[in-house]
Each structure stands twice: as structure tokens, then as C-alpha cells.
Amino acid sequence: MKSELLAVIKEMIKLLQACNWPDKAAWFSQKQDLLRKLNPSDEEFKREISEIEKIMTGMGSFSDLPLYPSKESGLSEKQAAEKQWKLVNQLTELIRKIGDVSNRTA
């Protein structure tokens, strides 16, 4: 599940870069690097994914960002928005699964 989580975050980074949000992409990239080093059973890993989950929805969140893809990205605004919501749903689902697994093994 960790590899799936990292793959979704990678896609989020690509989308943010394609839509001219380098600061947001850098934040997710830092989180991705940190998660890559941590074991999913570590408390720090759980804190990090909780922090990521908190910024997924709501005002000012990832899902709230207006996405205007660069021409080079090959994405339309509609495609970017659809991808944005798909990634929100995928990441939220993975975080919940990871939480369920860690609660059962604790």
C-alpha cells in the first residue's frame, strides 16, 4: 500500500507542476521523500499521512486549487479537474486503508 500511496502522490506532484503550482508540488515532494524513508508502522509515518489527509479537501486544500494546465502539459482544464478529484479520492482511500491496517495490527 505504501508504494501505491507514493505513486498517487507522484501523480499529484506532476499535476501541480503542469498547472503552475510549484510551491504546492514541492510540499508534496518533500512529503513523498519523507514517507519513502519511513516504515508504515512508525508513528511518524502515521502523522505525515494524517497531515496530508487534512489538506486534501476544504477551503484552500488540494481539491480547492484552481488548475490551469500549461499548454505543454496536453491537459485541458476539465481533464485537470477530473484528475484532481480522482487523485483526491485515490489518496483518501489509501490513507483510510493504511489506517485500518495499522489499527488492526496495533
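Residues numbered from 1 in each chain as written. Predicted model: local features only at pLDDT ≥ 70, side-chain atom pairs only at ≥ 80, totals over all residues. Heavy atoms only, no water.

(A) Representation of the environment of Lys24. One can find Lys24 in helix H2 (residues 22-37). A residue is classified by how much of its surface remains accessible, and Lys24, at 30% relative accessible area, is partly exposed. As for Lys24 and Phe62, which are separated by 38 residues in sequence, their C-alpha atoms are 8.5 Å apart. Ignoring any residue separated from it by four or fewer positions in sequence, one finds Lys24 in contact with Leu16 and Leu65. (Helix = DSSP H or I, 4+ residues; strand = E, 2+ residues; numbered from the N terminus. Buried < 20%, exposed > 50% of the residue type's maximum accessible area, 1.4 Å probe, protein only. Contact = heavy atoms within 4.5 Å.)

(B) Quick look at the packing of helix H1 (residues 2-18) against H2. Where H1 meets H2, the axes come as close as 9 Å, and the angle between the chain directions of the two elements is 165°. Classified by the angle their axes make, H1 and H2 are roughly antiparallel. As for how H1 packs across H2, the hand of that crossing is left-handed. On the side of H1, the interface is formed by Lys2, Leu5, Leu6, Ile9, Lys10, Met12, Ile13, Leu16 and Gln17, while H2 contributes Lys24, Ala25, Phe28, Ser29, Gln32, Leu35, Arg36 and Lys37. Looking at the contact of H1 with H2, its residues break down into nine nonpolar, three polar and five charged. (Axes fitted to C-alpha atoms, helices over the stretch in contact; angles between N-to-C directions. Parallel < 35°, antiparallel > 145°, perpendicular 65-115°, else oblique. Left-handed = near helix turned anticlockwise from the far one by under 90°. Nonpolar A, V, L, I, M, F, W, Y, C, P; charged D, E, K, R; others polar.)

(C) Seen up close, the side chain of Ser61. As for its placement among the helices and strands, Ser61 is situated in the loop between helix H3 (43-54) and helix H4 (77-105). By relative accessible area, Ser61 is classed as buried at 5%. Here Ser63 takes part through its side chain, which lies 3.1 Å from a polar atom of the side chain of Ser61. Those residues in contact with Ser61 that sit more than four places away from it in its chain are Ile55 and Met56. (Polar contact = N/O pair within 3.5 Å; in protein donor to acceptor, adjacent residues only side chain to side chain.)

(D) Region of the structure containing the pattern of salt bridges. Going through the model one piece at a time under the given rule, you end up with seven salt bridges. Between Lys83 and Glu11 there is a salt bridge, with its nearest N and O atoms 3.1 Å apart. With Lys83 in helix H4 and Glu11 in helix H1, this residue pair connects regions lying 72 residues apart in the sequence. Note on Glu11: relative accessible area 25%, which makes it partly exposed. The salt bridge involving Lys46 is made with Glu43; its shortest N-O contact spans 3.5 Å. One end of the pair is Lys46 and the other is Glu43, both in helix H3 and three residues apart, which spans about a single turn. Through salt bridges that share partners, Glu11, Lys14 and Lys83 make up one connected network. (Salt bridge = Lys/Arg side-chain N within 4 Å of Asp/Glu carboxyl O.)

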